[in-house]
Amino acid sequence: MTALALRGPYWVTVRQHRSTLRTALLLVALAAAVLITARLWSDSAAEALRAARCAVDSTEGSCFEAVRAYTDDRWLSRHLVEYVGLGMIALPVLLGAVVAGPVVARELESGTYKMAWTQSASPTRWLAAKLAVPTALVVTCVPLLSLVFHWSWSTGPSNDFPTYWYDLTIFSSTGTLPTANALLGIALGTFAGLLVRRTVVAMGVAAVATGGIMTALAWLRPGLWPAETVTGRELSLRVSDAWVLGDGMITASGERVGWEYCSTRAETARACLVGRGGVADYVDFHPSTHFWPLQLVETGILAALAALAALAAFRVLRARLP
C-alpha cells in the first residue's frame, strides 16, 4: 500500500514521519546488503581455496597464503553477520523509543493531536494509525530480513567459525522472534508515549521496558520448553549442535550432582563426583529440533504482551485525553 492509496490519519501519519520511514527502509536495505555481501564473500573465499587446490588444514607451504586469505575472509564474513544480528536485537528497543517519542508523545506534548481530532479522525482512529503504519513496515520488512539473515548464516562462515542456533544473536535474529520483538517494541512505545506524554522520558521508558522484557525472556528461554536428558550409555546420542543446559553425575539415590560442584580439571572432577556417590553421567539439553518449539512459545508470550500493551494504550487514550 502506497502513501497515495492511504486515507485520513494513515496518510497523515506517513506524511508526518516519511523521513523516519525512509531511514528505516534504508537501514533494512543496508542490513540485507551486508548479509548478502557476507554470504557472497564467504562463498568466494571457499571457491578461491578450491581453485588453489588446498584444504583448510593443509600444511603445505604453497597453500599458506591461500589458507590465510580464506581464513581472514571467512572470519570477516562471520563478523558482518554477527553485527547485523546485534542490530536486529537492538531494533525493537529503537522502535519502541521512536514510536514512544517522535510518533506519539511529541504530538501530545506539543498539542498538534488536537488538530487531527478536529478533522475527520477520531482519537481511536488517530491512535490506530500511529500503530498501523510502523506495524505494516515491521511485518513487511522484518520477516524478509530474518530470512536473508538465516540464508547468510546457515551455510556461510559459520561452518568454519561455529555459531550455533541457540546463540543469542542467531536465535533472536531468525524465525518468528524478530517480528514478535519488533511488534512488542511498537506496542510498548505507543503505551509509553500515551502514558508519559513527554518525548524524551517516553523514549527512555519504552526503551527500558522493551529491553527489559527481551532480556528476561532470553534468560527464561531454556525453560520455555521441556529439555531432554540422556544418561550413561545414551550420551553418545548427543548431537553436536545441542544446547547443553547442565551436566554431571547421578547418584544411586537419583540425586543430580553438577560438574560445577567440583574441580574444573576433568579427572579431578570425575573423582570428586564419584566420591559424592555419582554412578552415571547425565546431560540436560535442547536438541536442534527444539528450535521451533522454543521460538513459537516465546513468540506467543511476546504477542500476548504486545496485545496487552496495545489494549492498555487505547484505554489510556480514553481515560486521560479529552
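Keep in mind that what you see is a predicted model, and the values were worked out from it rather than measured. In this numbering scheme, every chain counts its residues from 1 along its sequence in written order. Only residues with pLDDT of 70 or above have their local features reported here, since the model is predicted, and side-chain atom pairs are shown and tallied only from 80 upward, although totals for entire chains, interfaces and linings are computed over all residues. As a rule here, side-chain values come from all non-hydrogen atoms in the structure, and water together with hydrogens is ignored.

**Considering the overall build of the protein**
Part 1 of the argument: Each helix is a run of DSSP H or I of at least 4 residues and each strand a run of E of at least 2, with the numbering of both proceeding from the N terminus. Counting secondary structure elements, the protein contains 10 helices and four strands.
Part 2 of the argument: Starting at the N terminus and walking to the C terminus, you meet the elements of the protein as α-α-α-α-α-α-α-α-β-β-β-α-β-α.
Part 3 of the argument: When accessible area is computed with a 1.4 Å probe and restricted to protein chains, residues below 20% of their type maximum are described as buried, those above 50% as exposed, and intermediate ones as partly exposed. Taken across its 322 residues, the protein has 42% of its residues classed as buried.
Part 4 of the argument: Residue contacts are counted whenever heavy atoms from the two residues lie within 4.5 Å of one another. Across the protein, contacts joining residues at least 24 apart in sequence account for 81% of those joining residues at least 6 apart.
Part 5 of the argument: Total accessible area computed for the protein in this model is approximately 16900 Å², and 65% of it derives from carbon and sulfur atoms. Only the protein chains shown count as cover for residues, and all accessible areas are computed by the Shrake-Rupley method using a 1.4 Å probe.

**With respect to the nonpolar core**
Part 1 of the argument: By nonpolar core is meant a set of buried Ala, Val, Leu, Ile, Met, Phe, Trp, Tyr and Cys residues that side-chain atoms within 4.5 Å join together. Judged by nonpolar contacts, the single largest core of 28 residues is most densely connected at Phe149 and Trp165.
Part 2 of the argument: Apart from the residues within four sequence positions on either side, Phe149 is in contact with Leu35, Val81, Val84, Gly85, Met88, Thr169, Ile170, Ser173 and Thr174.
Part 3 of the argument: By size, the runner-up hydrophobic cluster in this structure holds 18 residues, among which are Trp126, Leu127, Leu131 and Ile186.

**Regarding the confidence of the model for the protein**
Part 1 of the argument: Looking at any residue, its pLDDT shows the predictor's confidence there, from 0 to 100. Looking at the protein as a whole, the pLDDT averages 83, with 86% of positions reaching at least 70.
Part 2 of the argument: Per-residue pLDDT, averaged within each element of the protein, yields its smallest value for helix H4 (residues 113-118) (65) and its largest for helix H8 (residues 199-220) (94).

**With respect to the environment of Val28**
Part 1 of the argument: Note on placement: Val28 falls in helix H2 (residues 18-51).
Part 2 of the argument: Looking at Val28, the relative accessible area reads 27%, which means it is partly exposed.
Part 3 of the argument: Sequence separation between Val28 and Leu144 is 116 residues; the distance between their C-alpha atoms is 9.5 Å.
Part 4 of the argument: Excluding residues within four positions of it along the chain, Val28 makes contact with Cys141 and Leu145.

**Concerning the state of the cysteines**
Part 1 of the argument: The definition used for a disulfide is geometric: two cysteine sulfur atoms within 2.5 Å. Counting across every chain of the model gives one disulfide.
Part 2 of the argument: One disulfide in the model links Cys54 with Cys63; its S-S distance is 2.0 Å. Around the S-S axis, the bridge from Cys54 to Cys63 shows a dihedral of about -80 degrees and counts as left-handed.
Part 3 of the argument: Judged by its relative accessible area of 14%, Cys54 is buried.
Part 4 of the argument: The class of Cys63 is buried, set by a relative accessible area of 3%.

**Observations concerning a nonpolar patch on the surface**
Part 1 of the argument: Residues form patches when they are more than 30% accessible in relative terms and have no salt bridge. Like charges link within 9 Å. Nonpolar side chains (Val, Leu, Ile, Met, Phe, Trp, Tyr) link within 5 Å. By definition, a salt bridge exists where a carboxyl oxygen of Asp or Glu is found within 4 Å of a side-chain nitrogen of Lys or Arg. A cluster of nonpolar side chains, namely Ile36, Leu40 and Trp151, defines an oily patch on the protein surface of about 280 Å² accessible area.
Part 2 of the argument: Along the chain, the position of Leu40 falls in helix H2.

**Looking at the pattern of salt bridges**
Part 1 of the argument: The full count for this structure, using the stated rule, is six salt bridges.
Part 2 of the argument: Across the pair Glu65 and Arg68 runs a salt bridge, and its minimum N-O distance is 2.9 Å. Placement of both Glu65 and Arg68 in helix H3 (residues 64-110) is noted, with a separation of three residues, approximately one turn of the helix.
Part 3 of the argument: Owing to a relative accessible area of 46%, Glu65 belongs among the partly exposed residues under this scheme.
Part 4 of the argument: Look at Arg68 and you get partly exposed, because its relative accessible area is 43%.
Part 5 of the argument: Salt-bridge contacts for Arg221 lead to Glu298; the nearest nitrogen and oxygen are separated by 2.8 Å. One end of the pair, Arg221, is in the loop between H8 and strand S1 (228-231); the other, Glu298, is in helix H10 (residues 291-320), and 77 residues separate them in sequence. Of the two residues examined, Arg221 and Glu298, each falls in the buried class.

**Describing the environment of Tyr83**
Part 1 of the argument: Mapped onto the elements of the fold, Tyr83 is located in helix H3.
Part 2 of the argument: For Tyr83, a relative accessible area of 52% puts it in the exposed group.
Part 3 of the argument: Tyr83 sits 52 residues away from Ala31 along the chain, and the two C-alpha atoms are 9.3 Å apart.

**Overview of the side chain of Thr299**
Part 1 of the argument: Within the secondary structure, Thr299 is located in helix H10.
Part 2 of the argument: For Thr299, a relative accessible area of 16% corresponds to the buried category.
Part 3 of the argument: Setting aside chain neighbours within four positions, we find Thr299 in contact with Thr176, Leu177 and Ala180.

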